[in-house]
Amino acid sequence: MNEKERTSVALDVPSEILRKIYVTMLKIRVFEERVAELLLPPKKEIVTPCHLYIGQEAVATGVCFALKRDDYVFSTHRSHGHFIAKGGNLKALMAELYCKKTGCSRGKGGSMHVASSSLGLLGSSAIVGGTMPIAVGAALAFSMQNRDAVSVVFFGDGAASEGIFYESLNFASLKKLPVIFVCENNLYCTHLPVAACLADTNIYRKSESFAMSGIRVDGNDVIEVYKVAKKAVEDARSGKGPTLIECLTYRWRGHVGPYDDLDKGLRSREELDYWMSRCPIKMLEKDLIQHRIISESEKEQIRKAVSEEVEEAITFARESPYPNENNLLHDVFELK
Amino acid sequence: MRRISFAEAINEALHQIIAKDDHVFLIGQGVTSPWYVGSTTVGLIDRFGPQRIIDTPTSENCITGAALGAALAGLHPIMCFPRMDFMYYAMDQIANHIANWHYMFGGQLSAPLTIWAIINRGGEQAAQHSQAIHAVFMHIPGVKIVAPSTPYDAKGLLVASVEEGNPVVYVDDRWLYQHEGEVPEEIYSVPIGKGIVRREGEDVTVVATSYMVYEAMMASERLDKEGISIEVVDLLSLKPLDESLLFTSVEKTRRLAVVDGGWKTCGVAAEISAKIAESDIFGSLKAPIIRVSLPDTPAPASSALEKVYYPNAERIILAIKKILEM
């Protein structure tokens, strides 16, 4: 999308929302950059395998800002961005990465299993595509309960090669359920490029086979993601059924861990440089400054405040206790 | 008391649970069919409508995951598998998701749902239309398993499964569907995790599950005429197991045969044998433990082979006599 079009897009979203979106994206970025450092040897302060969200911030943020608190979100192994975008507490998230008792999953989930029932993040699964049918089922319940809520499932391009994707699209469309499938196509399924996994890489067009809406957006343009998500949410709420949104984006780090994987020959420096030049946060920042929604000095203030919040979360996580050993056997079943 | 069949008891339980609690709904392939799940769902669609009796495409993994999602949103689904063989399609949602959802998030989320798993075998249906895989679920932490053997327990355990607040696999065997027994008309529940002594005896304890309780009872009646006194323990719940009932009985008879309709290796009978082997009762046993279960082969089609494949009263009698000779 060219510069002129993006400018016009930016103007019809309220400034207050744009500022909040900016802060949220920055929170995710700064949080993840610090996590990457904390994962590094020799110290390896964080041990749980972390799939970093750096580069994909516009997807979680754009989608979650189109939602209400009561709407449900289901996440994946790459969960941190979704947790933060849905309004999750950085201390609870960081403590979970340290696998401490104070973590959002009390140290039982780690990086890939975060949830916040009060914020409507009903879980994240490390099994590729695993939360798709769960989101569909939540939407089924909403329709049975006449609840004005929608359900969103995030998943990667890798999930588009799982059978559960097709079962879930079919059932959601068959029953016209208020569920939104958000594919974060970051071009790689672990180490394999998407073209080595899918016979047709136009993931959004899989929707056609199931008689439902599908759309591809620039997943690095948060305003575009937000607007497309808003339309999908309106459709879902008004009984028009599900939408499949494919967000084209890119992860700056490897599949898992802090490194960029360039030395492993899995992708090229040129490709990474190209996508870094399309940094979703820089793209938004440019718009906000150009339209005087934030000033240069405000930008620095925001960055400083976000950094402080992240550092506080790290301190909190470091100082928190581990779960008690006798907690091992708790929570297998709900006690009556 | 009024006598009804096992299938009628399930049907009555479903009618009463769904009428009583508007959070409960039934979902799965064939639940509106007049024949797909026997007569167990008769009248439900007419009474409760397609909103609460949801017949589905054959997307077992999706529908099972959807049941979890609906449970997270506050409903209580009863997810129906008309035959267990197709549950392998749903293993990801059962084992990776449903069973872990409470623990993995530190207890903040719950998955109250019932997985109704039907054993449908015999009649030359062969390897993929005959399986009893309840032991597979015993291996997985986070799901409870019940397996009624009488119409009374069929109704009471289905009600208990829905009231449980956790994922429960409710296993029933269609070979029991025509069996009749006394069943109260009102709604009631049978506690999960509690077994029952079906017949008291002195010489050998026979621990049995589901349909095999019936075969064990027949065996014990015939042995009684030969002066051999059998105690039949019906576990009713496979997880959690009623260990105290098991231990008390084996402590008394000091001989044990375990009878189960699943495969022998790593099966229900293996687990129960191991529990006794690990306990301090083991040293007082008068004979080795014997397992009566399916051989480690797929189910054959031919009725000539089915006859020797499925354990029955004769096989139980032979096992008991062997124990008594040892």
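Residues numbered from 1 in each chain as written. Chains lettered and ligands numbered in written order. Predicted model: local features only at pLDDT ≥ 70, side-chain atom pairs only at ≥ 80, totals over all residues.

Colleague: Teacher, can you tell me more about the packing of helix α7 (residues 163-174) of chain A against helix α3 (residues 60-72) of chain B here?
Modeller: Describing two packed helices takes the angle between their axes plus the distance from one axis to the other. Contact geometry of α7 of chain A with α3 of chain B gives a least axis separation of 8 Å together with a crossing angle of 65 degrees. Here α7 of chain A lies roughly perpendicular to α3 of chain B, going by the angle between them. Handedness of the crossing formed by α7 of chain A with α3 of chain B: right-handed. Counted together, I164, E167, S168 and F171 of chain A of α7 of chain A and N61, C62 and A66 of chain B of α3 of chain B form the full contact between these two elements. (Axes fitted to C-alpha atoms, helices over the stretch in contact; angles between N-to-C directions. Helix = DSSP H or I, 4+ residues; strand = E, 2+ residues; numbered from the N terminus. Parallel < 35°, antiparallel > 145°, perpendicular 65-115°, else oblique. Left-handed = near helix turned anticlockwise from the far one by under 90°. Contact = placed C-beta atoms within 7 Å.)

Colleague: Can you walk me through the domain arrangement of chain B in this structure?
Modeller: Think of interface size as the accessible area that goes away when the parts come together; that is how it is often given. Residue and element names in this part refer to chain B. Its domain assignment divides chain B into domain 1 (3-182) and domain 2 (196-325). For domain 1 and domain 2, the distance between their C-alpha centres works out to 26 Å. Residue-level contacts link 25 residues of domain 1 with 24 residues of domain 2. When its residues are assigned to classes, the side of domain 1 that touches domain 2 shows 14 nonpolar, six polar and five charged. (Domains from an automatic or database assignment. Nonpolar A, V, L, I, M, F, W, Y, C, P; charged D, E, K, R; others polar.)

Colleague: Before we go on, may I ask you to explain the interface of chain B and chain A in this structure?
Modeller: Facing the 34 residues of chain B at the interface are 33 residues of chain A. Mapped onto the side of chain B that touches chain A, the elements with two or more residues apiece are α3 and α4 (91-98) of chain B. Among the elements that make up the side of chain B that touches chain A, the one with the highest residue count is α3 of chain B (nine residues).

Colleague: I would appreciate a short explanation of the pairing of strand β11 (residues 204-208) of chain B in the present structure.
Modeller: As a general feature of sheets, a regular strand has side chains that alternate between the two faces. All names here are of chain B. Within β11, five of the five residues are buried, which leaves it mostly tucked inside the rest of the structure. Burial of β11 is two-sided: the residues V204, V206 and A208 facing one way and the residues T205 and V207 facing the other way are all buried. Looking at chain direction, β11 and strand β12 (residues 230-234) are connected through five bridges and run parallel. Note on β12: the bridge partner recorded for V206 is V232. Each parallel crossover has a hand, and the one from β11 via helix α7 (residues 211-225) to β12 is right-handed. Here four bridges tie β11 to strand β14 (residues 256-263), and the two strands are oriented parallel to one another. Across the sheet, residue T205 finds its bridge partner in β14, namely L256. (Buried ≥ 20, exposed ≤ 12 C-beta atoms within 10 Å, placed from the backbone. Pairing = 2+ DSSP bridges. Right-handed = clockwise from strand over helix to strand, strands pointing away.)

Colleague: Can you walk me through the packing of helix α2 (residues 15-39) of chain A against helix α11 (residues 296-319) of chain A in this structure?
Modeller: Residue and element names in this part refer to chain A. The contact between α2 and α11 brings their axes to 9 Å, and the two run at 45 degrees. Taken together, the axis directions place α2 and α11 in an arrangement best described as oblique. Two packed elements cross with a definite hand, and for α2 against α11 that hand is right-handed. Facing V23, L26, K27, V30, F31 and R34 of α2, the residues of α11 in contact are I302, R303, V306, S307, V310 and I314.

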